[in-house]
Protein chains: 2
Amino acid sequence: MKELKQRSTCPISTSLDVLGDKWTLLIVRDLVFAGKSTYGQFLQSEEKMATNILADRLAVLEAQGIITKAVAADKKSKFTYRLTDKGVDIVPLLVELTLWGAKHCPTIANPRLLEELQAGKDAAVEKYQRLAREQALA
Amino acid sequence: MKELKQRSTCPISTSLDVLGDKWTLLIVRDLVFAGKSTYGQFLQSEEKMATNILADRLAVLEAQGIITKAVAADKKSKFTYRLTDKGVDIVPLLVELTLWGAKHCPTIANPRLLEELQAGKDAAVEKYQRLAREQALA
DNA sequence: ATGTTTACTTGTAAATTGCAAGTGAAATAA
DNA sequence: TTATTTCACTTGCAATTTACAAGTAAACAT
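Topic: the interface of chain B and chain A
Listed as interface residues are 44 residues of chain B and, on the opposing side, 44 residues of chain A. Both faces considered, chain B and chain A share a buried interface measuring about 4200 Å² in area, 65% of it formed by carbon and sulfur atoms. Of all residues in chain B, Arg7(B), Ile12(B) and Trp100(B) give up the largest surface area on contact with chain A, accounting jointly for 17% of the area buried on that side. In this structure, the connection of chain B to chain A is made through two salt bridges.

Written as structure tokens, this is what we have:
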């Protein structure tokens, strides 16, 4: 069981103890917005995360109750990672990260998602949370 | 000028290139919620960040146009750090981090702020953004 | 003139990351 | 049945980053 040290009792600091690095939230992003769910799919992302880092972060996310790991329906040699309720609650954070990055950093990707978010933040949050929950049941 | 490498064109990834670590957002937190503005004040925070890390992160935040650095009104040997508009736009992110941490991680701190956020997220965001803007003018 | 405050910088050990290669179980192909 | 490929990791090691302790330099206070 991967355990993390809590630096203080501040909720922001505590959240960053878990989510505050360059990779963890990209995995959650792939689960929420890209519909990905397997180790191999996460590896294929544009940012090319190292295999050991991915394995480590998946273990942390599972230990923290943010994702679950289950044998895939089709193959026994494959695992399916899904968001728990705790994980689904990260969606609003991803939305804010997206809006901030889109507004303030030079970037060109995913104009469709961006338009959707800018048109209605709360509606988009609910939509992707619902999608993630549905996938978790399947 | 501190420069960062952009890993992809995804806005989430790009935001994490700047904000994705354990310390940067704690500085922004101190600027927004604790009314702090000097190197010495940031050092005094509960989480005890190392002096070289603090100096590095302040330089990055300034280079990225998230904070400004100015000689303090009272002493020439002191500097005052304030949020720019780009920095003020991080407030919604901090609010989401707070709510997530408070809901899902064992923590006890700052019940007053927490109640305020849970009572009305948007109102609280606007309030702290206004406060930060006012301080930047003073 | 002397000591203190403020904002850093420097040196070094420890921890983390990034890269390349390797492992082993399960699925598929011959 | 055997061989090959797929999939999900693990391992080893160099490079980068972090943490800790100490030191520096300009401004300010006495």
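After presenting the structure, the write-up continues.
Things to note about the side chain of Thr80(B)
Mapped onto the fold, Thr80(B) is located in strand S2 (residues 79-83). Its relative accessible area of 16% is what places Thr80(B) among the buried residues.

Re the packing of helix H7 (residues 111-119) of chain B against helix H8 (residues 121-137) of chain B
Residue and element names in this part refer to chain B. For the pair H7 and H8, the least separation of the axes is 5 Å and the interaxial angle reads 120 degrees. Compared by their axis directions, H7 and H8 come out oblique. For the pair H7 and H8, contact is made by Leu113, Glu116, Leu117 and Ala119 and by Lys121, Ala124, Lys127 and Tyr128, respectively. Residue composition of the contact of H7 with H8, grouped by class: five nonpolar, no polar and three charged.

As for the packing of aromatic side chains
Under the counting rule described, the total for this entry stands at four aromatic pairs over all chains. Each ring, one from Phe33(A) and one from Tyr128(A), has its centre 4.8 Å from the other, and the planes form 70 degrees; the classification is edge-to-face. Here Phe33(A) is found in helix H2 (residues 24-33), whereas its partner Tyr128(A) is found in helix H8 (residues 121-137), with 95 residues between them in sequence. Look at Phe42(A) and Tyr81(A): their rings are 6.3 Å apart centre to centre, the planes differ by 50 degrees, and that puts the pair in the tilted class. In this pair, Phe42(A) sits in helix H3 (residues 39-43) while Tyr81(A) sits in strand S2 (residues 79-83), placing the two residues 39 residues apart along the sequence. For Phe42(A), a relative accessible area of 0% gives the class buried. Residue placement shows Arg7(B) over the ring face of Trp23(A); its charged tip is 4.6 Å from the ring centre.

Looking at the protein's contact with DNA strand C
Taken together, 20 residues surround DNA strand C, and among them Arg57(A), Lys76(A), Thr51(B), Lys69(B) and Tyr81(B) come closest. When the atoms of DNA strand C within 4 Å of the protein are sorted by group, sugar and phosphate make up 71%. Contact between DNA strand C and Lys76(A): a phosphate oxygen at 2.7 Å from a main-chain N or O atom of the residue. Between DNA strand C and Phe79(B), the relevant distance is 3.5 Å, taken from a phosphate oxygen to a main-chain nitrogen or oxygen of the residue. Mapped onto the surface near DNA strand C, the elements with two or more residues apiece are helix H4 (51-63) of chain A together with helix H3 (39-43), helix H4 (51-63) and S2 of chain B. It is H4(A) that provides the largest number of residues to the surface near DNA strand C, a total of four residues. Looking at the surface near DNA strand C residue by residue, the classes come out as six nonpolar, eight polar and six charged.

Scoring rules and cut-offs
- Residues numbered from 1 in each chain as written.
- Chains lettered and ligands numbered in written order.
- Predicted model: local features only at pLDDT ≥ 70, side-chain atom pairs only at ≥ 80, totals over all residues.
- Heavy atoms only, no water.
- Contact = heavy atoms within 4.5 Å.
- Buried area = accessible area lost by both parts, 1.4 Å probe.
- Salt bridge = Lys/Arg side-chain N within 4 Å of Asp/Glu carboxyl O.
- Helix = DSSP H or I, 4+ residues; strand = E, 2+ residues; numbered from the N terminus.
- Buried < 20%, exposed > 50% of the residue type's maximum accessible area, 1.4 Å probe, protein only.
- Axes fitted to C-alpha atoms, helices over the stretch in contact; angles between N-to-C directions.
- Parallel < 35°, antiparallel > 145°, perpendicular 65-115°, else oblique.
- Nonpolar A, V, L, I, M, F, W, Y, C, P; charged D, E, K, R; others polar.
- Phe/Tyr/Trp six-rings, centres within 6.5 Å; stacked < 30°, edge-to-face > 60°.
- Lys NZ or Arg CZ within 6 Å of the ring centre and 35° of its normal.
- Near = heavy atom within 4 Å.
- Polar contact = N/O pair within 3.5 Å; in protein donor to acceptor, adjacent residues only side chain to side chain.

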